[in-house]
Amino acid sequence: MEAGLESVVAAHTVLSDVDGEAGRLVLRGAALEDLAGVADFETVCARLWSDLGPDLPSDLRAALGAARAEVWAEVAHLDDGLVALSPVEGLRALMARLADGEGMDAALRVTAAPAVFTGALLRRREGLTPLAPDPEAPHAADLLRMILGRSPTAAQAAALDAYLVTVIDHGLNASTFAARVTASTRAGLVSAALAGISALKGPLHGGAPGPVIDMLDGIGSPGNARPWLEAALDRGDRLMGFGHRVYRVRDPRADALKAAIRRLGVDEGRLALGEAVEAAALEILRTRKPDRPLETNVEFYTALLLEALGIPSSAFTCIFAAGRAAGWVAHAWEQVATGRLIRPRSVYVGPQPSALRAAEWFGRGEPGR
Ligand code: ACO
């Protein structure tokens, strides 16, 4: 067994298919490229959730808007201690206050919460008053408004929709696996999402795009890309936004997001820097790791897209959670409906008990009681 469980199949799912050899992502029967930039978040969320849990609300956009208004009450509990945390830690803490459950109400709360709490946390960090949600607005547009403090343009809202759809689900990634394990104990959707967000925040998973911005800022100009990247690898650092456990070719989500960036129309200089860094990184990784294909993953262009939307890099993981929460909910329902308690075994490789060891264990001559 590999330490990363890469050859273990831990679930059968109708939700998404990640083809690591072909570089293809299918979401409930539709190819990512036919959804991102085409369908909005609510449409894909409804498709993801259908036939897995309770009946869908007749108008998911309205139901999600009402859920944003409901979870807004928790913003009153946003004290200075929470604001001092990183945004994703603050988001996790606020989400922990939500009532748990396995039904549609809990699903809507979990999916609405990152949109509402992220804006509130960011504005409080700036000394500004959080903005209440607009239950009538589309989810992506309302999320952006609560962060930016003004209504986004149609192009900005569409770009965020494309992002949320692109990251909504992705097989048994670390956060979804954590969510499914938690759901398998019947702990509820809020608990499953909290497990998911805790796994998501690590830099090897959903915490990578913030460091991508640090990398681009550190490099500064295309000519500095190669020496900067070589020095980082010489130090033993990993290049954020590259490599993937499943993909042996380019992550298809990188292209979906690059297309969204082009539609949005970003600062050409910034995009040119990103492309130069990407090209240099791929070339260097091919030379240094000839046996291990390391290609661009979703996080590289996530960073450029969310930055272009005016979202602070400290909150990128929160925006990832805003999309992936819908996937965690779908997987949690699927796990409860079709799975069992997930409880793998471990092989004990430590010492066997003996009187001498017990004495050592308690740090004195006699075993403790
Ligand atoms: N930069 C430099 N070297 C790398 C990178 C990278 N981004 N990714 C992998 N490697 C190297 C490893 O150091 C390892 O080298 P070694 O054999 O000399 O020890 C080799 O390539 C194989 O790497 P693994 O650890 O086997 O790859 P794994 O499948 O476990 O890791 C991961 C996948 C975590 C995504 C890795 O590629 C990485 O750390 N990337 C950077 C962080 C990142 O972008 N994360 C976001 C992933 S997408 C997502 O989760 C939404």
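Here is a short report on the structure shown in this document.

Rules behind the numbers
Residues numbered from 1 in each chain as written. Predicted model: local features only at pLDDT ≥ 70, side-chain atom pairs only at ≥ 80, totals over all residues. Heavy atoms only, no water. Salt bridge = Lys/Arg side-chain N within 4 Å of Asp/Glu carboxyl O. Helix = DSSP H or I, 4+ residues; strand = E, 2+ residues; numbered from the N terminus. Buried < 20%, exposed > 50% of the residue type's maximum accessible area, 1.4 Å probe, protein only. Phe/Tyr/Trp six-rings, centres within 6.5 Å; stacked < 30°, edge-to-face > 60°. Axes fitted to C-alpha atoms, helices over the stretch in contact; angles between N-to-C directions. Parallel < 35°, antiparallel > 145°, perpendicular 65-115°, else oblique. Left-handed = near helix turned anticlockwise from the far one by under 90°. Contact = heavy atoms within 4.5 Å. Nonpolar A, V, L, I, M, F, W, Y, C, P; charged D, E, K, R; others polar. Near = heavy atom within 4 Å. Polar contact = N/O pair within 3.5 Å; in protein donor to acceptor, adjacent residues only side chain to side chain. Areas by Shrake-Rupley, 256 points an atom, 1.4 Å probe, with all protein chains shown as cover. Lys, Arg positive; Asp, Glu negative; His and termini not counted. Disulfide = S-S within 2.5 Å. Core = buried A, V, L, I, M, F, W, Y, C linked by side-chain atoms within 4.5 Å.

### What about the pattern of salt bridges?
Point 1. This structure, assessed with the given rule, holds 22 salt bridges.
Point 2. Ionic pairing is found between Glu6 and Arg245, a salt bridge with its closest N-O pair at 3.7 Å. Taken as a pair, Glu6 in the segment before β1 (16-19) and Arg245 in the loop between α11 (225-234) and α12 (252-264) lie far apart in primary sequence, 239 residues in all.
Point 3. In this structure Glu6 comes out as partly exposed when scored by relative accessible area, which is 44%.
Point 4. Among the residues examined, Arg245 registers a relative accessible area of 47% and is labelled partly exposed.
Point 5. Glu295 serves as the salt-bridge partner of Arg286, at 3.4 Å between the closest nitrogen and oxygen.
Point 6. Its relative accessible area of 18% is what places Glu295 among the buried residues.
Point 7. Among the charged side chains, a salt-bridge network with shared partners connects Arg226, Glu230, Asp234, Glu283 and Arg288.

### Thoughts on the packing of aromatic side chains
The description of two aromatic rings rests on the distance between their centres and on the angle between their planes.
Point 1. Under the criterion given, the structure shown has three aromatic pairs.
Point 2. Relative to Trp333, the ring of Trp49 lies with its centre 5.4 Å away and its plane at 80°, an arrangement referred to as edge-to-face. Highlighted residues: Trp49 in helix α1 (residues 41-49) and Trp333 in helix α15 (residues 316-338), separated in sequence by 284 residues.
Point 3. For the ring pair Phe300 and Tyr301, a centre distance of 5.2 Å and an interplane angle of 80° mean the geometry is edge-to-face. Residues Phe300 and Tyr301 agree in their burial class; the two are buried.
Point 4. Among the aromatic residues, ring-to-ring pairing joins Phe242, Phe300 and Tyr301 into one connected group.

### Points about the environment of Gly223
Point 1. Secondary-structure assignment places Gly223 in the loop between α10 (209-219) and α11.
Point 2. Separated by 57 residues in the primary sequence, Gly223 and Ala280 place their C-alpha atoms 9.9 Å from one another.

### Details of the packing of α12 against helix α14 (residues 298-308)
A packed helix pair is summarised by two numbers, namely the angle formed by the two axes and the spacing between the axes.
Point 1. Contact pair α12 / α14: the axes reach a minimum separation of 8 Å and the direction vectors enclose 20°. Overall, the two elements α12 and α14 adopt an arrangement that is roughly parallel. Regarding α12 and α14, the two cross each other, and that crossing is left-handed. Mapping the contact onto sequence places Arg253, Ala254, Leu257, Lys258, Ala260, Ile261 and Leu264 in α12 and Val298, Tyr301, Thr302, Leu304, Leu305 and Ala308 in α14.
Point 2. Partitioned by chemical class, the residues of the contact of α12 with α14 number 10 nonpolar, one polar and two charged.

### As for the site of the ligand
Point 1. Taken together, 21 residues sit near the ligand, with His205, Leu239, Phe242, Arg245 and Lys289 positioned nearest.
Point 2. Here an oxygen atom of the ligand sits 2.9 Å away from a polar atom, N or O, in the side chain of Arg238.
Point 3. Taking Asn297, its side chain carries an N or O atom lying 2.9 Å from an oxygen atom of the ligand.
Point 4. Its free accessible area being 920 Å², the ligand has 75% of it covered by the protein chains.
Point 5. Partitioned by chemical class, the residues of the shell around the ligand number 11 nonpolar, five polar and five charged.

### Examining the side chain of Glu299
Point 1. Looking at where Glu299 falls in the secondary structure, it is placed in helix α14.
Point 2. The charged side chain of Glu299 is buried without a salt bridge, its nearest counter-charge being Arg253 at 7.0 Å.
Point 3. Each residue touching Glu299, except ones within four places of it in the same chain, is listed here: His205, Gly206, Gly207, Ala208, Pro209, Val212, Gly241 and Phe320.

### Focus: the state of the cysteines
Two cysteines whose sulfur atoms are joined by a covalent bond form what is called a disulfide.
Point 1. As enumerated under the stated definition, the model contains zero disulfides in all.
Point 2. Counting only cysteine sulfurs, Cys45 is the nearest neighbor of Cys318, a cysteine outside any disulfide, at a range of 19 Å.

### Some remarks on the nonpolar core
Point 1. Residues Trp49, Phe117, Leu160, Tyr163 and Leu229 are the most contacted members of the largest nonpolar core, which totals 118 residues.
Point 2. Not counting residues within four places of it along the chain, the set of residues in contact with Trp49 comprises Arg28, Leu56, Leu60, Met104, Ala107, Leu108, Thr111, Ala326, Val329, Ala330 and Trp333.

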